[in-house]
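A look at the structure
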Amino acid sequence: PGGGEVLGVPVVNSLADIGEPVHMVDVFRKPEAAPDIAREAVAIGATSLWLQPGCVSPEAGDIARSAGLAFAEDLCTRQVHRDEGVGAIGPSQLG
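Now for a description of the structure that goes with this document. Given the structure is predicted, the values throughout are model-derived calculations rather than measurements. (Residues numbered from 1 in each chain as written. Predicted model: local features only at pLDDT ≥ 70, side-chain atom pairs only at ≥ 80, totals over all residues. Heavy atoms only, no water.)

Comments concerning the sheet that holds strand 5 (residues 70-72)
Taken in spatial order, the three strands make up an open sheet running 3-4-5, and their pairing is parallel. Every other strand in the sheet has two partners, leaving strand 3 (24-27) and strand 5 as the edge strands with one partner each. Across this sheet, the average inter-strand angle for adjacent strands is 10°, counted without regard to direction. Pairing geometry for strand 4 (residues 48-51) and strand 5, over three bridges, is parallel. Residue pairing for strand 5: Trp-50 is matched across the bridge by Ala-72. In this fold helix 1 (residues 34-44) packs onto strand 3 and strand 4, with an angle of close to 160° to the strand it touches most, strand 4. (Pairing = 2+ DSSP bridges. Helix = DSSP H or I, 4+ residues; strand = E, 2+ residues; numbered from the N terminus. Axes fitted to C-alpha atoms, helices over the stretch in contact; angles between N-to-C directions. Contact = heavy atoms within 4.5 Å.)

Focus: the pairing of strand 3
On strand 3, burial follows the alternation: Val-25 and Val-27 on one face are buried, whereas Met-24 and Asp-26 on the facing-out side are not. Note that the unit made of strand 3, helix 1 and strand 4 has a crossover that is right-handed. (Buried < 20%, exposed > 50% of the residue type's maximum accessible area, 1.4 Å probe, protein only. Right-handed = clockwise from strand over helix to strand, strands pointing away.)

Some remarks on the pattern of salt bridges
In the structure shown here, the tally under the stated rule is two salt bridges. Linking Arg-39 and Asp-36 is a salt bridge whose minimum nitrogen-to-oxygen distance equals 2.8 Å. In this pair, Arg-39 and Asp-36 both sit in helix 1, three residues apart, roughly one turn of the helix. We classify Arg-39 as partly exposed; its relative accessible area is 40%. The shortest N-O distance in the salt bridge between Glu-59 and Arg-39 comes to 2.8 Å. Note that Glu-59 is positioned in helix 2 (residues 58-66) and Arg-39 in helix 1, a separation of 20 residues in sequence. (Salt bridge = Lys/Arg side-chain N within 4 Å of Asp/Glu carboxyl O.)

Looking at the side chain of Ser-48
Take Ser-48: it is sitting in strand 4. With residues up to four places along the chain from it excluded, the contact list for Ser-48 reads His-23, Met-24, Val-25, Leu-69 and Ala-70.

As for unusual backbone geometry
You will see that Leu-7, though not glycine, has its phi angle at about 55°, which is positive. Mapped onto the secondary structure, Leu-7 falls in the loop between strand 1 (5-6) and strand 2 (9-10). Residue classification places Leu-7 among the exposed residues on the basis of a relative accessible area of 57%. Of note, the phi angle at Asp-74 is positive, near 60°, even though the residue is not glycine. Inspection of the secondary structure assignment puts Asp-74 in the loop between strand 5 and helix 3 (77-83). You can call Asp-74 partly exposed: its relative accessible area is 38%.

Shape descriptors only; they carry no functional weight alone.
Right, here's the structure in full:
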């Protein structure tokens, strides 16, 4: 939050400020922030909510799943992609 860019991608203050479709909301926050982020993800029509390691929120999971979003928690997207053979992900794959 606060503007600027990260790896060439604009920083926004809320998911509602993103001007294009969002497929996955990837959460690197404390668990107590997850339910509100889940509600935002539902509101913008995201298709999945992914909580990174250390972030476990049954409430966020309930919100996401009840709206039809795919949900994962306490998992690293990069690790899962590597372990499942999906391929590398990370900054070198942006833009």
